[in-house]
Amino acid sequence: RALTLALGGAMLELAGFGGPEESARRIEELWTSGAGLGKFRALVAAQGGDPEYVDDPSRLPAALRIVEVEAGRAGIFAGLAARASGTWITESGGGRLAAGAPVDPTIGLEILVEPGDRVEASQVVVRLHDDGESDEPALRERAQSWIRMEGDAGAERESATSSAILEIVDRG
């Protein structure tokens, strides 16, 4: 919530809707009043979707299989390799490389921990939602390679980006 409010306020400010305090106050009002959710319903309807799904996500189609992925080692969770996990989503049908290509809305992933959380080796940190067609142990091993812990090569760059965002949130 803090990140959404901070970034939303910054976007309003950049768009010329007021100074930092006024923009932050406006975003807080929109969040609290539910106007943002109402706008989201309207956007779904404008694109031909059924806004009832916004209020009842259980109506959405579910993945055929959910694969739980453990951390594999203890440490401080730094995040997931975004490109690698995004590539899997696209390859699995949850994204597209060409306009008009079909998208399977049941494909995706859930990250169950926050950057900075201490995790144990056997702790489930990611859930993959897929079509059940791939080899599950191979998929689990692939997904484990996306998990970044503090001190991993590449995690520092990703962590620096997260730190910059958190700094903006803390200032807001």
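One can find the structure itself at the top, above this paragraph.
All of the points below concern the structure found in this document.

What counts, and at which threshold
Residues numbered from 1 in each chain as written. Predicted model: local features only at pLDDT ≥ 70, side-chain atom pairs only at ≥ 80, totals over all residues. Heavy atoms only, no water. Pairing = 2+ DSSP bridges. Helix = DSSP H or I, 4+ residues; strand = E, 2+ residues; numbered from the N terminus. Axes fitted to C-alpha atoms, helices over the stretch in contact; angles between N-to-C directions. Salt bridge = Lys/Arg side-chain N within 4 Å of Asp/Glu carboxyl O. Buried < 20%, exposed > 50% of the residue type's maximum accessible area, 1.4 Å probe, protein only. Phe/Tyr/Trp six-rings, centres within 6.5 Å; stacked < 30°, edge-to-face > 60°. Lys NZ or Arg CZ within 6 Å of the ring centre and 35° of its normal. Patch = residues over 30% accessible without salt bridge, like charges linked within 9 Å, V, L, I, M, F, W, Y side chains within 5 Å. Areas by Shrake-Rupley, 256 points an atom, 1.4 Å probe, with all protein chains shown as cover.

Looking at the sheet that holds strand E3 (residues 108-111)
Here we have 3 strands laid out as an open sheet, ordered E1-E5-E3, and antiparallel in their pairing. The strands lining the two open edges of the sheet, one partner per strand, are strand E1 (65-70) and E3. Ignoring strand direction, the axes of neighbouring strands in this sheet form an average angle of 20°. As judged from the 4 bridges shared by E3 and strand E5 (residues 124-130), these two strands associate in the antiparallel manner.

Digging into the pattern of salt bridges
Taken as a whole and assessed by the stated rule, the structure comprises 9 salt bridges. For the salt bridge of Arg26 with Glu29, the shortest nitrogen-to-oxygen distance reads 3.7 Å. Of the two residues, Arg26 and Glu29 are both situated in helix H2 (residues 20-33); the distance of 3 residues between them amounts to about one turn of the helix. The exposure class assigned to Arg26 is partly exposed, which follows from its relative accessible area of 42%. Its relative accessible area of 42% is what places Glu29 among the partly exposed residues. Salt-bridge contacts for Glu110 lead to Arg127; the nearest nitrogen and oxygen are separated by 3.6 Å. Linking Glu110 in strand E3 with Arg127 in strand E5, this pair joins segments that are 17 residues apart in sequence. Glu110 sits in the partly exposed class, given a relative accessible area of 31%. For Arg127, a relative accessible area of 26% translates into the label partly exposed. A cluster of three or more residues bridged by salt bridges with shared partners is formed by Arg65, Asp130, Glu136 and Arg140.

A closer look at the sheet that holds strand E6 (residues 147-149)
Whether parallel or antiparallel, the strands of a sheet pair through hydrogen bonds between backbone atoms. In space, the 3 strands of this open sheet follow the order E4-E2-E6, with antiparallel pairing throughout. Since the sheet does not close on itself, it has two edges, and those belong to strand E4 (118-119) and E6, each with one partner. In terms of strand pairing, strand E2 (residues 75-80) meets E4 through 2 bridges, oriented antiparallel. Bridge pairing in E4 places Gly75 opposite Val119.

Topic: the packing of aromatic side chains
Evaluation of the coordinates by the stated rule reveals 1 aromatic pair. Plain terms: the ring middles of Trp88 and Trp146 are 5.9 Å apart, the flat faces sit at 45° to each other, and that makes the pair tilted. Of this pair, Trp88 sits in helix H5 (residues 82-91) while Trp146 is found in the loop between helix H6 (136-144) and E6, placing the two residues 58 residues apart along the sequence. By relative accessible area, which is 3% here, Trp88 ends up buried. Above the ring of Tyr53, the side-chain terminus of Arg59 is found at 4.3 Å from the ring centroid.

Observations concerning a nonpolar patch on the surface
Side chains of Leu37, Phe40 and Leu43 sit close together on the surface and give an oily, nonpolar patch of about 280 Å² of accessible area. Along the chain, Leu37 falls in helix H3 (residues 35-46).

None of the figures reported here should be taken as evidence of function without further support.
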